[in-house]
Amino acid sequence: MTHKIILDTDPGIDDAMAIFFAFQSPDIDVLGLTTVYGNVPVNMSAQNALTLCEIAGKDIPVTKGVGMPWVGPESSYAHFVHGEHGFGHIKPEPPKRELDPRSSAQFIVDMARQYPGEITLVAIGPLGNLALALRLEPELPKLVKGVSIMGGAAFVRGNVTPVAEANIWNDAYAAEIVFAADWDLTMFGLDVTNNVPFKPEFVDLLAQNNPELGGFVKESAQFYMDFYSQNRDDRVCFFHDAFPIAHLRHPELFELTEGHVRVGTGELDRGQTVVAPKGTTPSPLWNNANTIKVATGVNHSQLEQLFIDTYAG
Ligand code: BDR
Ligand code: CA
């Protein structure tokens, strides 16, 4: 079975690894890359997505989306994690191809209307484009097959604040809109992605198996590993963004749980994804809220092997 997806992304080193993984997957049909600010400003994010398509020889639409959070000032971005240009020490050549003129939100709506019930939206950055698409087309939840996001921290600590993960923290009001919409949403947050450290040997294997795409991931990931290896004895990094794509292809590798979700938008709880498994609270603030699926575990060795084999092609 082939999965039609739109990848909503803010490339970004783990975004690059996830995008190449999707491109290399024979059962994934990437209809387009829709970009958003997040790791880097949106102009850079859009150009980076074009660059990744050029490296992979993929002639698919790339759109530019929202550059600001739904509420509040411009983001401070995450160059300290992803490097000055979003790919560690790499300074990419300007891409030759042009962006699709539509906004990311408009592209999502257009594709959903063109392929009703067929598309999974895979969002691996802040959720402003999905929130805006819901405003443009209130029937969007009926038009897509599902939504898989990398973001959030349900039962574990955050990575920006003690309670919030970066993608959700970056646009908490947009996340609240997306989590409250009536669609089948699965969240791959730090509960699962932070449990799976990838060692240097892993990116070595990607590069060995695929010098072009894996080589790019290996080179860009050196800076990323420097960041993630601070305050620990081993050298590792985390490829958060590839998890929802792996799940689409191999759901049997993952453990999921269900719960009612709310997103914090206050000063202290900004971006907190508070999940109440069914029957665990009397509060209508949660019991009347949407139910989502949350990934809580994955088979580490099989996931690694899936990435390695898929890069090998
Ligand atoms: C998420 O934030 C970004 O830095 C990564 O690309 C990933 O999407 C992890 O918290
Ligand atoms: Ca990302």
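Residues numbered from 1 in each chain as written. Chains lettered and ligands numbered in written order. Predicted model: local features only at pLDDT ≥ 70, side-chain atom pairs only at ≥ 80, totals over all residues. Heavy atoms only, no water.

**Re the overall build of the protein**
- The number of helices and strands found in the protein is 14 helices and nine strands.
- Dimensions of the protein, computed from C-alpha atoms along their principal axes, come out at roughly 55 × 45 × 40 Å.
- For the protein, with 313 residues in total, the buried portion stands at 58%.
- About 12600 Å² of surface is accessible on the protein, with carbon and sulfur atoms providing 51% of the total.
- Each charge class in the protein can be summarised by its mean position, and for the 21 positive and 38 negative side chains these summaries are 3 Å apart. (Helix = DSSP H or I, 4+ residues; strand = E, 2+ residues; numbered from the N terminus. Buried < 20%, exposed > 50% of the residue type's maximum accessible area, 1.4 Å probe, protein only. Areas by Shrake-Rupley, 256 points an atom, 1.4 Å probe, with all protein chains shown as cover. Lys, Arg positive; Asp, Glu negative; His and termini not counted. Charge placed at Lys NZ, Arg CZ, Asp CG, Glu CD.)

**So, the coordination of the calcium ion (ligand 2)**
- Coordination of the calcium ion (ligand 2) by the protein comes from Asp-10 (OD), Asp-15 (OD), Asp-15 (OD), Ile-124 (O) and Asp-241 (OD), over a distance range of 2.3 to 2.6 Å.
- Each donor residue of the calcium ion (ligand 2) belongs to the same chain, with the gaps between them written as D-x4-D-x108-I-x116-D. Of this pair, Asp-15 sits in helix α1 (residues 13–24) while Ile-124 sits in the loop between β4 (119–123) and α5 (128–136), placing them 109 residues apart in sequence. In this pair, the class of Asp-15 matches that of Ile-124, namely buried. (Donors = N, O, S within 2.8 Å, 3.2 Å for Na, K, Ca; no water.)

**Some remarks on the site of ligand 1**
- Near ligand 1 you find Asp-14, Asp-15, Asn-39, His-82, Ile-124, Met-150, Asn-159, Glu-165, Ala-166, Asn-167, His-240 and Asp-241, and these make up its full shell.
- Side-chain polar atom of Asp-15 to an oxygen atom of ligand 1: 3.0 Å apart, as the coordinates give it.
- Between ligand 1 and Asn-39 there is a distance of 2.7 Å, counted from an oxygen atom to a side-chain nitrogen or oxygen.
- Within the complex, the protein chains bury 96% of what would otherwise be the 290 Å² of accessible surface of ligand 1.
- Sorting the residues of the shell around ligand 1 by element identifies α1 and α7 (166–170) as the ones contributing at least two each.
- The residue makeup of the shell around ligand 1, split by class, is three nonpolar, five polar and four charged. (Near = heavy atom within 4 Å. Polar contact = N/O pair within 3.5 Å; in protein donor to acceptor, adjacent residues only side chain to side chain. Nonpolar A, V, L, I, M, F, W, Y, C, P; charged D, E, K, R; others polar.)

**Considering the packing of helix α10 (residues 200–209) against helix α11 (residues 213–228)**
- Closest axis-to-axis distance for the α10/α11 pair is 7 Å, and the angle between their directions is 160°. One finds that α10 runs roughly antiparallel with respect to α11. For α10 against α11, the interelement crossing comes out left-handed. Where α10 abuts α11, its residues Pro-200, Val-203, Asp-204, Leu-206 and Ala-207 lie against Gly-214, Gly-215, Val-217, Lys-218, Ala-221, Gln-222 and Met-225.
- Classifying every residue of the contact of α10 with α11 by side-chain character gives seven nonpolar, three polar and two charged. (Axes fitted to C-alpha atoms, helices over the stretch in contact; angles between N-to-C directions. Parallel < 35°, antiparallel > 145°, perpendicular 65-115°, else oblique. Left-handed = near helix turned anticlockwise from the far one by under 90°. Contact = heavy atoms within 4.5 Å.)

**As for the nonpolar core**
- Formed by 61 residues in total, the largest nonpolar core has its most connected members in Leu-33 and Phe-239.
- When residues in this core are grouped by element, the largest group, nine residues, is from α1.
- Grouped together as the second largest cluster of nonpolar side chains are 38 residues, Ile-6, Ala-133, Ile-149 and Ala-172 included. (Core = buried A, V, L, I, M, F, W, Y, C linked by side-chain atoms within 4.5 Å.)

**Quick word on the side chain of Ser-75**
- You can see Ser-75 is positioned in the loop between β3 (62–63) and α3 (79–82).
- Side-chain polar atoms of Ser-75 contact the backbone nitrogen of Tyr-77, separated by 3.0 Å.
- At a separation of 2.9 Å, a polar atom in the side chain of Ser-75 contacts the side chain of Asn-170.
- In this view, Ser-75 contacts Tyr-37, Gly-38, Pro-69 and Asn-170; residues no more than four positions away in its chain are not counted.

**Focus: the pairing of strand β9 (residues 291–298)**
- Pairing of strand β6 (residues 185–188) with β9 involves two bridges; the strand directions are parallel. Note on β9: the bridge partner recorded for Met-187 is Val-294. (Pairing = 2+ DSSP bridges.)

**Side note on helix α14 (residues 300–312)**
- Taking 1.5 Å per residue, 13 residues should reach 18 Å; α14 reaches 19 Å between its end C-alpha atoms and fits that length.
- Listed in full, the buried residues belonging to α14 are Leu-303, Leu-306, Phe-307, Ile-308, Thr-310 and Tyr-311.
- Buried-residue contacts for α14 involve α1, α10, α11, α12 (243–249), β7 (254–263) and β9.
- With its phi angle positive at about 80°, Gly-313 sits one or two positions after the end of α14. (Expected span 1.5 Å × (residues − 1).)

**Quick notes on the sheet that holds β7**
- Strand order in the open sheet formed by nine strands is β3-β2-β1-β4-β5-β6-β9-β7-β8, and the pairing between neighbours is mixed. Looking at the sheet topology across the chains shown, the edges are occupied by β3 and β8 (273–277).
- Along the sheet face, helix α8 (residues 172–180) touches β5 (146–150), β6, β7, β8 and β9 and points at about 110° away from the line of β7.

**Notes on unusual backbone geometry**
- Cis geometry marks the peptide bond from Pro-11 to Gly-12, where omega comes out at -15°.
- Tracing the backbone shows Gly-12 in the loop between β1 (3–9) and α1.
- Unusually for a residue other than glycine, Tyr-77 sits at a positive phi of about 65°.
- Within the element layout of this structure, Tyr-77 appears in the loop between β3 and α3.
- Here Tyr-77 falls in the buried class, since its relative accessible area comes to 13%.
- The backbone of Asn-231 shows a phi angle near 60°, a positive value even though the residue is not glycine.
- Following the sequence through the fold, Asn-231 ends up in the loop between α11 and α12.
- Under the relative-accessibility criterion, Asn-231 is labelled exposed at 82%.

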